[in-house]
Amino acid sequence: MEQLDLLIKNGTLLTMDTQNAIIKNGVLGIKGDIISTIGSGGGMEFQAKRIIDAKGGLILPGLINGHTHAAMTLFRGLADDLPLMEWLNNYIFPAESRMDEDFVYAGTLLACAEMIMSGTTTFCDMYLFEDEVARAAKEAGMRCLVGEVLYDFDSPNYGKMENGLKYTEDLINKWQDDPLVSIAVEPHSLFTCSPELLSRSNELALKYKVPLIIHVAETISEIDEVKKRYGKGPVEHLKSLGLLGPQLIADHCVHLGEEDIKMFAENDVKAIHNPESNMKLASGIAPVPAMLKSNVTVGLGTDGCASNNNLDLFAEMDMAAKLHKINTMDTTVMDAVTVMRMATIEGAKALGMGGITGSLEKGKKADVIILDTKKPHLTPMYNPFSHLVYSARGNDVTHCIINGQLLMEDRKLLGIDLYGIMEKARQKSKDVRRWLKF
Ligand SMILES: [Zn+2]
């Protein structure tokens with residue numbers, strides 16, 4: 001009889017494997033941090049230290065948030081509905097310039113609590129003081145790919161640009177053997193980073209075989225600025241600097257043309273789609289159906305909480321599915337399975353983690369969530385993918401397991417003090433009010 005650390009039973013397994021296999025009366029066994037058994041309950045005999053009854057709910061891989069700025073939870077609802085430059089210059093930038101380590105740590109812990117409670121098990125972050133982001137994620141038990149934001153001007157964290165590359169290299173070395181935290185090199189964008197900084201960032205990423213992550217073609221004004229400075233569009237600019245390659249993860253990709261998409265596909269560049277942020281900031285609509293048609297790997301992200309204003313990937317999936325339907329006036333684009341894959345296995349592949357997470361398969365890391373489907377808005381259920389994309393919400397998630405560790409049970413966080421985290425966030429909001437004098 002097989003000895004397990006954790007056994008989940010009595011639910012429908014959505015594996016998100018290559019066949020999108022659904023296993024009724026599913027059983028999932030975990031040994032250490034690994035999924036050691038997966039199958040149908042009939043005839044399977046196990047002994048487990050701990051058994052979780054999914055009570056007829058859905059068992060699925062934890063969701064992958066492909067792009068966020070986690071600590072921006074502390075700016076949630078600070079200022080909305082303003083012209084973009086007014087929002088940035090009068091609120092976000094002045095507040096960010098006053099932040100310190102503790103602020104980012106507190107905001108990231110809050111983000112982790114929100115993500116775990118809405119079924120996200122892996123997130124990809126770009127911000128300042130990323131060592132604190134890594135520390136908070138590790139404390140919360142979340143899997144993450146994080147990197148210090150790099151740009152030409154001085155940073156409140158590392159000072160001169162030169163130090164940013166050094167800081168990133170130190171992060172790579174410090175966290176290289178960590179089971180949960182991975183590091184990326186993250187120049188902010190083409191309009192805030194010189195060609196030299198971009199090239200050096202790419203060299204660093206290639207040297208250590210870590211991802212290179214950058215915002216690309218998010219707004220029209222960015223396109224205009226890059227064209228004005230370099231006489232070419234953002235993707236051509238990336239190409240001319242030798243940055244297009246499988247190491248590159250491009251966030252947003254709103255304003256891409258056919259040629260850009262072709263270059264992404266040819267060079268195996270990964271894209272992260274952030275529909276809610278793109279809508280809220282009136283950035284535009286990314287050509288995701290066209291990217292998928294060209295076999296570009298596309299993951300899904302929430303972006304930061306100042307432009308979303310939550311980290312709930314269930315809401316993001318719903319929006320992604322609908323936005324492209326109205327944009328193309330075609331109800332068949334971005335079907336529920338496609339969108340669900342973007343939030344799971346395709347997102348994992350985009351972050352270079354497709355081999356370890358994003359689907360429920362034997363031998364992968366045990367990143368698993370359970371959804372309670374005994375809710376009016378999930379009754380009846382003809383098709384679980386439909387419910388997950390169009391009806392479910394983050395608070396339907398009852399259990400969250402990351403790397404084999406049970407982090408939420410029946411909606412109670414086990415590893416971190418939720419009320420303490422929220423209290424600290426409220427304290428930090430007083431600093432924000434003081435900084436911005438309101
Ligand atoms: Zn962003």
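Residues numbered from 1 in each chain as written. Predicted model: local features only at pLDDT ≥ 70, side-chain atom pairs only at ≥ 80, totals over all residues. Heavy atoms only, no water.

1. A word on the environment of A315
Put simply, the rule reads: Only DSSP runs of H or I covering at least 4 residues are called helices, and only runs of E covering at least 2 are called strands; the numbering of each starts at the N terminus. Each residue's exposure class comes from its accessible area (1.4 Å probe, protein chains only) as a fraction of the maximum for that residue type: buried when under 20%, exposed when over 50%, partly exposed otherwise. Contacts: residue pairs with any heavy atoms within 4.5 Å of one another.
With respect to the element layout, A315 can be found in helix α11 (residues 313-328). A relative accessible area of 14% places A315 in the buried class. Separated by 74 residues in sequence, A315 and V389 place their C-alpha atoms 7.9 Å apart. If near-sequence neighbours (up to four positions away) are discounted, A315 is found in contact with E276 and R393.

2. What to know about the packing of helix α3 (residues 130-140) against helix α4 (residues 161-175)
Quick reminder of the rule: Here the axes come from fitting lines to C-alpha atoms, over the contacting stretch only for helices, and the angles between their N-to-C directions go from 0 to 180 degrees. The cut-offs work like this: below 35 degrees is roughly parallel, past 145 is roughly antiparallel, 65 to 115 is roughly perpendicular, and the gaps in between are oblique. Basically, the charged four are Asp, Glu, Lys and Arg, the nonpolar ten are Ala, Val, Leu, Ile, Met, Phe, Trp, Tyr, Cys and Pro, and anything else, Gly included, counts as polar.
Direction vectors running N to C along α3 and α4 enclose 25°, while the axes themselves pass 10 Å from each other. Classified by the angle between their axes, α3 and α4 sit roughly parallel to one another. In contact with E130, D131, A134, R135 and K138 of α3, α4 contributes Y167, L171, K174 and W175. Partitioned by chemical class, the residues of the contact of α3 with α4 number four nonpolar, no polar and five charged.

3. Focus on the packing of aromatic side chains
Convention followed: Here is the rule: rings of Phe, Tyr and Trp (six-membered ring for Trp) pair when centre to centre is within 6.5 Å. Planes less than 30 degrees apart are stacked, more than 60 are edge-to-face, and the remainder are tilted.
Tallied over the full model, the rule gives four aromatic pairs. When the ring of F75 is compared with that of F103, the centres are 5.6 Å apart and the planes differ by 35°; the resulting orientation is tilted. Pair noted here: F75 is in the loop between β6 (63-68) and α1 (84-98) and F103 is in helix α2 (residues 101-117), with a separation of 28 residues, a long-range link. The interplanar angle of 35° and the centroid separation of 6.5 Å between the aromatic rings of Y158 and Y167 together place this pair among those described as tilted. Of the two residues, Y158 and Y167, both sit in the buried class. Of the aromatic side chains, those joined through ring pairs into one cluster are F75, F103 and W435.

4. Notes on the coordination of the zinc ion
Under the convention used in this document: Metal-coordinating donors are taken as N, O and S atoms lying within 2.8 Å of the metal, or within 3.2 Å when the metal is Na, K or Ca; because water is left out, some sites can appear incomplete. Every angle between 85 and 135 degrees makes a four-donor site tetrahedral, while opposite donors more than 155 degrees apart, with all other angles between 65 and 115, make a four-donor site square planar and a six-donor site octahedral; other sites are irregular.
Coordination of the zinc ion by the protein is provided by H67 (NE2), H69 (NE2), H215 (NE2) and D303 (OD), with metal-donor distances spanning 2.1 to 2.6 Å. Viewed at the metal, the four donor atoms of the zinc ion are separated by angles of 79 to 173°, and the geometry they form is irregular. Each donor residue of the zinc ion belongs to the same chain, and together they define the spacing H-x1-H-x145-H-x87-D. Taken together, the residues H69 in the loop between β6 and α1 and H215 in strand β11 (residues 212-216) connect sequence positions 146 residues apart. Here H69 falls in the buried class, since its relative accessible area comes to 10%. Taking the relative accessible area as the measure of exposure, H215 reaches 5% and is therefore buried.

5. So, the pattern of salt bridges
How we decide: A pairing counts as a salt bridge when a side-chain nitrogen of Lys or Arg comes within 4 Å of a carboxyl oxygen of Asp or Glu.
For the coordinates displayed, the defined rule picks out 27 salt bridges. Among the salt bridges present, the one from K270 reaches D268, with a minimum N-O distance of 3.5 Å. In this structure, the salt-bridge partner of K364 is E361, at a minimum N-O distance of 3.8 Å. Taking the relative accessible area as the measure of exposure, K364 reaches 7% and is therefore buried. Under the relative-accessibility criterion, E361 is labelled partly exposed at 30%. Taken together, the salt bridges that share partners define one network made up of D102, K424 and K428.

6. Concerning unusual backbone geometry
Geometrically, the link from N308 to N309 is a cis peptide bond, its omega value of 5° lying close to zero. When you line up the elements, N309 lands in the loop between β14 (298-300) and α11. Note that the residue after T379, namely P380, is joined by a cis bond; omega there is -10°. Secondary-structure assignment places P380 in the loop between β15 (368-371) and α14 (384-390).

7. What about a negative patch on the surface?
For clarity, the threshold we go by: Nonpolar side chains (Val, Leu, Ile, Met, Phe, Trp, Tyr) are joined into patches within 5 Å and like charges within 9 Å, using only residues with over 30% relative accessible area and no salt bridge. With residues, only the protein chains shown are counted as cover, and all accessible areas are computed by Shrake-Rupley using a 1.4 Å probe. For this count, His and the chain ends are skipped, Lys and Arg are scored as positive, and Asp and Glu as negative. All charge positions are set by atom: Lys at NZ, Arg at CZ, Asp at CG, Glu at CD.
A grouping of E236, E258, E259 and E266 is seen on the molecular surface, where their side chains present a negatively charged patch. Considering every element that reaches the negative patch, the biggest residue donor is helix α8 (residues 258-266), with three residues. Turning to its location among the elements, E259 is positioned in helix α8.

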